[in-house]
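Coordinates in review
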Amino acid sequence: EVAGRTCWDFPTGKGSDQAPFELKLDMARQCWDEARHVEISGKLSDHMGSEIGEFAEQTLLYEAGCNTDPVLRLCGVNRALEGLAIDVFNAMREFGEVTTDPVLYFCEDWMLADEVTHVKMGSDWLRRITANDPDRQRNALEFQRAVDKLFSFGGFRGEQEENPVHLARNFRALAGFSDEEIEDLVEASAEAYAEAQAMQ
């Protein structure tokens, strides 16, 4: 939905409220990938004995894709939300390996490869669009950090033993994250966990 809306919502161009045509092509490719993920996930749900609608969905993930600035949308969706997908799909792929379920492993591995590409597109476009505007890049990365902290869900994702989903550092690096950006993500996840613990 969000990738398709990015193709539609922004005029084609290079202004602050516009999106280059090549970026729209990448978002169209992502629409194709995500449609394939829906098909894979539907069949995987059958395989795992679940069904569509069994679990409720929140609006939080969708809200990250509603920003009116294309650079903030890229950071919120392609770098933060799709980054979360990297971590979750990697964890599920590892679960498929541990439980010796080749169907689960293969499905998660397939979707994980796409997610690395989606995050890489976000990383590349963030840097291209803001190459001559360091303030805009800094603001975009600050927005991404806030979204990433939310997407850590108070300890769901992190690098501690008690975190169900661990940060997939190697895939983040493949997706265009610098070592500094990975460390900042680790810190944001740890902050989210500490804040959640303090509220208990």
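About the cut-offs
Residues numbered from 1 in each chain as written. Predicted model: local features only at pLDDT ≥ 70, side-chain atom pairs only at ≥ 80, totals over all residues. Heavy atoms only, no water. Helix = DSSP H or I, 4+ residues; strand = E, 2+ residues; numbered from the N terminus. Rg over C-alpha atoms; globule rule 2.2 N^0.38 Å. Buried < 20%, exposed > 50% of the residue type's maximum accessible area, 1.4 Å probe, protein only. Areas by Shrake-Rupley, 256 points an atom, 1.4 Å probe, with all protein chains shown as cover. Lys, Arg positive; Asp, Glu negative; His and termini not counted. Charge placed at Lys NZ, Arg CZ, Asp CG, Glu CD. Core = buried A, V, L, I, M, F, W, Y, C linked by side-chain atoms within 4.5 Å. Contact = heavy atoms within 4.5 Å. Phe/Tyr/Trp six-rings, centres within 6.5 Å; stacked < 30°, edge-to-face > 60°. Lys NZ or Arg CZ within 6 Å of the ring centre and 35° of its normal.

Turning to the overall build of the protein, a few remarks are in order. The secondary structure content of the protein amounts to 8 helices and 2 strands. When the helices and strands of the protein are placed in sequence order, the string is α-α-α-α-α-α-β-β-α-α. Relative to the compact-globule value of 16 Å for 200 residues, the protein shows a C-alpha radius of gyration of 17 Å, a close match. With the C-alpha coordinates of the protein rotated into their principal frame, the extents come out at 50 × 40 × 30 Å. Going through the 200 residues of the protein one by one, you find that 43% of them count as buried. When the accessible surface of the protein is split by element, carbon and sulfur atoms take 57% of a total near 10900 Å². Put simply, the protein has 19 plus and 39 minus side-chain charges, and the middle of one group is 7 Å from the middle of the other.

Of all hydrophobic cores here, the largest spans 16 residues; its most connected members are Ile-86, Phe-89, Leu-112, Val-116, Val-119, Phe-171 and Ala-175. Residue assignment for this core shows that the elements contributing at least two residues are α2 (21–48), α4 (70–98) and α5 (102–129). If sequence neighbours within four positions are ignored, Ile-86 has contacts with Leu-112, Glu-115, Val-116, Val-119, Ala-168, Phe-171 and Ala-175. With 8 residues, the next largest nonpolar core counts Val-2, Val-77, Leu-81 and Leu-84 among its residues.

Let's shift gears to the packing of aromatic side chains. Following the criterion strictly, the structure yields 3 aromatic pairs and no others. Seen in terms of ring centroids, Phe-106 and Trp-110 are 5.6 Å apart; in terms of plane orientation they differ by 55 degrees. Their pairing is tilted. Here Phe-106 and its partner Trp-110 are both found in helix α5, 4 residues apart, which amounts to about one turn of the helix. Among the aromatic side chains, those forming a connected cluster through ring pairs are Phe-151, Phe-153 and Phe-156. Residue placement shows Arg-172 over the ring face of Phe-177; its charged tip is 5.2 Å from the ring centre.

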